[in-house]
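Each chain is listed here by its residues.
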4 protein chains.
Amino acid sequence: MTTCTCAYHDQLIEIRRKLHTFPEEGWSEFTTTAFLIGKLREYGYEVLTGTKVINPENCLGRSQKVVEAGIEAARKNGVSEELLNEMEGYTGCVGVLDTGRPGPTLAVRFDIDCVPVEESKDESHIPAKEGFASTRPGLMHACGHDAHMSTGLAVAHWFADNKGELCGKLKILFQPAEEGVRGAAGMAASGIVDDADYFLGAHIAMMCKSGELSVNPYGFLCTTKLDVSFTGRPAHAGVEPNAGRNAMAAACNAFVQLLGIARHGSGMTRVNVGQLTAGEGRNVIPSHALMKMEVRGETGEINQYMYDSAVQIIQGCALAQGCEYKIEKMGEAVDLTNDPELVDVLKQAGQAVEGLTVREDPMNFGGSEDATILARRVQAHGGKAAFFVIGADRPSGHHTARFDIDEKALDTGLKVWTNAISLILKK
Amino acid sequence: MTTCTCAYHDQLIEIRRKLHTFPEEGWSEFTTTAFLIGKLREYGYEVLTGTKVINPENCLGRSQKVVEAGIEAARKNGVSEELLNEMEGYTGCVGVLDTGRPGPTLAVRFDIDCVPVEESKDESHIPAKEGFASTRPGLMHACGHDAHMSTGLAVAHWFADNKGELCGKLKILFQPAEEGVRGAAGMAASGIVDDADYFLGAHIAMMCKSGELSVNPYGFLCTTKLDVSFTGRPAHAGVEPNAGRNAMAAACNAFVQLLGIARHGSGMTRVNVGQLTAGEGRNVIPSHALMKMEVRGETGEINQYMYDSAVQIIQGCALAQGCEYKIEKMGEAVDLTNDPELVDVLKQAGQAVEGLTVREDPMNFGGSEDATILARRVQAHGGKAAFFVIGADRPSGHHTARFDIDEKALDTGLKVWTNAISLILKK
Amino acid sequence: MTTCTCAYHDQLIEIRRKLHTFPEEGWSEFTTTAFLIGKLREYGYEVLTGTKVINPENCLGRSQKVVEAGIEAARKNGVSEELLNEMEGYTGCVGVLDTGRPGPTLAVRFDIDCVPVEESKDESHIPAKEGFASTRPGLMHACGHDAHMSTGLAVAHWFADNKGELCGKLKILFQPAEEGVRGAAGMAASGIVDDADYFLGAHIAMMCKSGELSVNPYGFLCTTKLDVSFTGRPAHAGVEPNAGRNAMAAACNAFVQLLGIARHGSGMTRVNVGQLTAGEGRNVIPSHALMKMEVRGETGEINQYMYDSAVQIIQGCALAQGCEYKIEKMGEAVDLTNDPELVDVLKQAGQAVEGLTVREDPMNFGGSEDATILARRVQAHGGKAAFFVIGADRPSGHHTARFDIDEKALDTGLKVWTNAISLILKK
Amino acid sequence: MTTCTCAYHDQLIEIRRKLHTFPEEGWSEFTTTAFLIGKLREYGYEVLTGTKVINPENCLGRSQKVVEAGIEAARKNGVSEELLNEMEGYTGCVGVLDTGRPGPTLAVRFDIDCVPVEESKDESHIPAKEGFASTRPGLMHACGHDAHMSTGLAVAHWFADNKGELCGKLKILFQPAEEGVRGAAGMAASGIVDDADYFLGAHIAMMCKSGELSVNPYGFLCTTKLDVSFTGRPAHAGVEPNAGRNAMAAACNAFVQLLGIARHGSGMTRVNVGQLTAGEGRNVIPSHALMKMEVRGETGEINQYMYDSAVQIIQGCALAQGCEYKIEKMGEAVDLTNDPELVDVLKQAGQAVEGLTVREDPMNFGGSEDATILARRVQAHGGKAAFFVIGADRPSGHHTARFDIDEKALDTGLKVWTNAISLILKK
């Protein structure tokens, strides 16, 4: 077995480069989503959108301002009001194609948002040199989600072309807002993967070079992202400091206690407050404070311990300073262990690709991925799930101004995907 | 007018010296109280004791261990079981003598406890040289309460001898546990001064030299003394630190916030944690912490603000660290403004004493005194109250090992007292 | 004596209203300064500018960005390049006029900057109704410095007209950047008042109503304004938190200790951190933190104690967290006691104005004023100094959107000024 | 091979029980050491003592008061002045016996101190029932060091009896003060093991049951124990709080920052302040604070990171509060990886004992042991080292009042020891 995918080579490159020029932040990907919907419908897919694929009650880190800017940009890009209405304000979509033959349901997931990084204009940076760099200041596909989408559409195209040889049903998820691990929770809560027998997700590059395929990565850190705000009462710091309720005091004292949450005997923990802004004027008792923070744990249980401890500290410090507080969950990812059956599928799929080295050894992913939330939802409903990494050389780190991928990896990746799908949905 | 008091000179010296040899800490003054009761009865007073003069529910800073040691010492000193039973475990007493003639009720107050100071054995220290130094290691009448008691008994004696010339009723309060401002609250709560039309209290020495009488001191700081304990849960600090609830963390975080209670726009504030002990072993998450602290305010309202802020911080820090907390009020004093009518009485009483300079100007007492609690109770019931200071040279500061008073001040003080009583209860 | 000033009534109103329409922030008052220079030269004054009146080394809270915007605005307003060159980038100016007759040198000071407040557009707000409201969004003469300048120019005009009747020399200081108590330090350090025998400054309104003159206000709070920055080292909060140096930790721990600086036994203290911004991204160990803070003390000595304690805490917390720190002084004001000789002059000057009530009692200014820095500089060189308050009804508080002054107070104020100058520089 | 050891059974039990009755704390084991010296000399060993086996400069956690009490107790127990002189104030000793035949030098180590635990008097507790419980209130051999010593003496006896069959040299180290990981550093620094080709140490019980032998345990936590004291300046908290230097503030702020030392990306960390005492009186700014703390790390490098971070925080907090500080190292242990050659020796030694299960799998020791310091010293000089665990059932946990060991394990352990020595020093 090796599925033939050479027909999709040009499409892979062309679409990746096109999407690279118009990066959109999480929850604002209206132009991008419109493009994806169009392609999926062109390939003959039933396409689900809006609240059918995103449960609004479980949306994390979704700013109305960003959403509105995304809609505005989409209008400027000629996206029709009809399509915008269909999206109901929520980005992302799911394409469904049934082979008409009994068989398992396979959900595959690709993420679509960009990173707030200013892309390099240097001639040595290929997107700049070849003219497909970002046209949007401060935004860039610097994590490879452009490649993910282009791969997803090629998979969709290939599957539509080859469904006669296969059985069961394919669901292609284009998930918004992966950065900050925000989008998967709402998509999972929509129930869209609850009927899936199998789930596959992948990332390009990371810890694998061109020519490598990691079929059993580990180290998906459980994490919860929180925005914490304290509200006190202002007062003139000279005349009547006692009349204030110092929100900065609540925040700073919470900060020092948060860093001091006791280590866990059973595994790794992390806690960080990455941003803190507090106060109004130099001579006013500060009445507002906002902390952007995160906790992590080696397991879901340990992450929960960190989260619970953090909440307790925040409550206590608000009480101590007579302030109100609000905790908003901004993102979430869990850990994942690939199901052995799918590890085996991926191994076969990779071994069938000439020149590809299959890495079965546990390679450390060393980050958080909210595909894990969808994967665990499938597992919770009795399905099997796996996440793999398609190697790609890159001149610079993820999330940096000179990030780029070796485009040859697109062909390799597509072959692995189509081989794996062929194995799972074979007649 | 000058009342004749020369008959009581020997008694003043003798009793002061006798009491000086056997100092007793607050709430343990059983031997001392037995002596006072005996004298008052000898002079013909009705003497009230135990819960008739101390409301147990309002006792502050009373340690059962100290009480028991005091009872034990009293037994060794030959105090009868009958008298101990009468005291019901509470020290202090009140002598009442009615002239049989209609007239006002006057309450006068003298305090009876000592200070935990080791008395100097140096030959230059008169009590050592003359053989009446403390016989109890680590305890000493280093604040002049021995002189207060001796004066109180002489006042009692004089009043019994002269009641035919006077009207109304005299109540002589011997109050325990003034150090740490602990005893007055329980005595006030017994209701013993609720029928008093006038209240007088005095201190010897302080900011006045021999030959001076301050009739309108100010600067009685409002203060509340608190013992705060946190209880958490121990855990092995290496194996399972997450299983602990860190009481030291609650205490240390409370400490830093307590010091940071916002200054008050309307007046002076103070806060101090004077002692902190926490933890069990080096490798155990600490499960106990105890803080001995105090707050102060220029007025009762400001002191209350400090107290309320402290309580809120303690609650919040306990919550933040998942600990229990207990706050125990260990002492309390309030501010006082002398009633002008009594300032005038004291002025006349002082001016009648040859060689005595009456200081009407506001002299800063600069400390806390729980006589203020009794005084304010009398004022709250419609009576009038004043506190005065009888000057006395002293070789060393209050509460130091070489503290002593110029005994000539005893005569002067007695004259002021008897003059004042004569003016208030004159037929 | 009452000096005749009716000739300047129209000028007072007209100039005040003109300046009110074009408020400029501290250190950006180039258009305003150009206007003042023009008028002073018109009246025959020698005018000193730029580094002759501002010592660049002692400039506090001067942002290059604000300066450049001010220069840009001045160009748009037609200020010549020649004049801008003369200013050397520093706003403010000093007019000097010598009577030619021997006599004392008198320095008088008027401040020129505005407040970042959006002026009310309500019809009930006279500047809005009468058409002289601010034309600059977010900026407003909401503290009366427009009235100060108009008074200063009228004083200048009157003195030029009447110098034949007077002796000595007048120096009229138009000081920039009083808000945030920033401008006086640089002006004092230029040495411009070092030869002054007398110094006078005044504020309009504050705690005095129309018809009142306060000649001996007290309660000029000593204060120091500081910007404190910490610089650490970023690191990925998940992968390698130990590699970071947490600047937010330095700031938050400094914050909690700053609030806890021990109260001072000799007088009032204050400390506030009014703004804190720290950190870069949610999952990055924060490498930058900035605190805008202030300390205050009842006396210069107490303020120094607060400042020294703050610096020590900042140093210690930077060290504890392995960070660098920078402390920048952004503003400063000291306390002031008016010299009795000048209090007497002001009293006479006020009493000579019909219908004016002279308040000799100590009225609480209750704020900070950097005129005190100039005044104390004069005193330090052997001269005498005073600051007074010219009452004026106002519909709303200083620094609020509806602040305005009763313009009748301009005439009254001018009379007090000219009377006082006549007394000091009389032939 | 199984070496015959039945001749030593009675000795094993008798000596263990004898030593159990007289437990001595670390650095006070003079009576115990005198007994050990006596026995070793009886068996024909050269015995080194005092500064020949302990380098005073590297003694950790050695309190002069405890040392003196131990000497006093030894005198009461009839230890001669001559022997006490020989010990030079340092407990522990080393017996050396040379076979006279060329061969390797083997150092074996047994620890000798007790734990501050009150032994159970319950009849179900065998030492109580059989009459060999501790005779010293508050002290108990509750970690099995009595068994270690009895085993060490039996090994010594056996080796002396069998040296004709062996080659090389045996050094038997009786190390003081293992509790708190204090004694090994000084013994290592004496150079006593620098010539050892092999080093063996063992612990009884822990994670192994009777009938088990763990030959390759892991998880020896690197740790450093510190006593940290801060010294400030006292001041009256009401009158002049600003005059104080608050040592409690230094300690509490250090505490909150210590708990917040950033987690390490490469492995486990721990930090605990187990005891904190600070302050003098309720109304005095605290001038003294003492923290008993520890840090741990998964590797020596990580432990060093924790230590360095702690020192930096302590320095910074002392500076911030104007206090002095002192850091005293009270104990230290490192990690250890057994040399494979000795793991193999131990495996053979165990397999030769009938009924004993040899556990080669990595079992988690889960604690700190300062034998690691001696072991690493040997490895650093080119030798090989290993630590093993001799299983023993126990009714209760180590360091508890009912701790006891299954005495049958003494025989088993001795067999393993003698077998291992036979393999290493075989002719």
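Since we're looking at a predicted model, the values are computed, not measured. Every chain is numbered independently, its residues counted from 1 as its sequence is written. Chains carry letters and ligands carry numbers; both start at the beginning, A for chains and 1 for ligands, and go up in the order they are written. Local features in this predicted model are restricted to residues whose pLDDT is 70 or higher, and side-chain atom pairs enter the listing and the counts only when it is 80 or higher, whereas totals over whole chains, interfaces and linings include all residues.

### A closer look at the interface of chain C and chain A
Here comes step 1: This entry defines residue contacts through backbone-placed C-beta atoms, with two residues in contact when those atoms are within 7 Å. Contact with chain C, which involves 34 residues of that partner, is made by 35 residues of chain A.
Here comes step 2: Numbering goes from the N terminus for both helices and strands, where a helix is a DSSP run of H or I of at least four residues and a strand is a run of E of at least two. Listed by contribution, the elements that provide at least two residues to the side of chain C that touches chain A are α8 (247-259), β9 (269-279) and β10 (288-297) of chain C.
Here comes step 3: Counting residues per element, the side of chain C that touches chain A draws most heavily on β9(C), which supplies nine residues.
Here comes step 4: Basically, the charged four are Asp, Glu, Lys and Arg, the nonpolar ten are Ala, Val, Leu, Ile, Met, Phe, Trp, Tyr, Cys and Pro, and anything else, Gly included, counts as polar. Counted by class, the side of chain C that touches chain A contains 17 nonpolar, ten polar and seven charged residues.
Here comes step 5: Note on pairing: DSSP must find at least two bridges between two strands before they are called paired. In terms of strand pairing, strand β9 (residues 269-279) of chain A meets β9(C) through five bridges, oriented antiparallel. Within β9(C), the residue paired with A:Q275 across the bridge is C:G279.

### Examining the relation of the copies chain B and chain A
Each of the two copies of the chain can be brought onto the other by a rotation about an axis and a shift along it.
Here comes step 1: Once chain B is rotated about the relating axis by 180 degrees and shifted along it by 0.2 Å, it coincides with chain A to within an RMSD of 0.2 Å. In the structure described here, the two chain copies are related by an operation that fits a two-fold rotation axis. Ranked by how close their C-alpha atoms come to the rotation axis, the residues of chain B are headed by B:G316, at 2.1 Å.
Here comes step 2: Interface overlap between copies: 100% of the residues of chain B at the interface are likewise at the interface in chain A, consistent with a symmetric, same-surface contact. All copies are superposed by least squares; the fitting set is the C-alpha atoms of residues with a pLDDT of at least 70 in both.

### Quick notes on the relation of the copies chain C and chain A
Here comes step 1: Note on the identical chains: chain C maps onto chain A by a rotation of 178 degrees and an axial translation of 0.2 Å, with an RMSD of 0.3 Å.
Here comes step 2: The overlap is high: 100% of the interface residues of chain C also sit at the interface in chain A, so the same surface is used on both sides.

### Some details on the sheet that holds strand β5 (residues 198-204) of chain B
Residue and element names in this part refer to chain B.
Here comes step 1: One open sheet accounts for eight strands, arranged β1-β2-β4-β3-β5-β14-β6-β12; its pairing is mixed. Either end of the sheet is taken by a strand with one partner, and the two such strands are β1 (46-49) and β12 (357-359). Adjacent strand axes in the sheet meet at a mean angle of 20 degrees, parallel and antiparallel pairs treated alike.
Here comes step 2: The pairing of strand β6 (residues 212-214) with strand β14 (residues 384-390) spans two bridges and is classified as antiparallel. In the sheet register, S214 faces β14, and the bridge partner there is V389.
Here comes step 3: Convention adopted: a line fitted to C-alpha atoms gives each axis, helices being fitted over their contacting stretch, and angles between N-to-C directions are expressed from 0 to 180 degrees. Lying on the sheet, helix α10 (residues 340-351) is in contact with β5, β6, β12 and β14; it crosses β14 at an angle near 35 degrees.

### Focus: the domain arrangement of chain A
Residues and elements named next belong to chain A.
Here comes step 1: Domain segmentation is taken from an automatic or database assignment of domains. Domain assignment breaks chain A into domain 1 (6-220 + 335-424) and domain 2 (222-332).
Here comes step 2: Once you take the C-alpha centre of each, domain 1 and domain 2 turn out to be 34 Å apart.
Here comes step 3: Contacts between the two partners involve ten residues from domain 1, matched on the other side by nine residues from domain 2.
Here comes step 4: Partitioned by chemical class, the residues of the side of domain 1 that touches domain 2 number four nonpolar, three polar and three charged.

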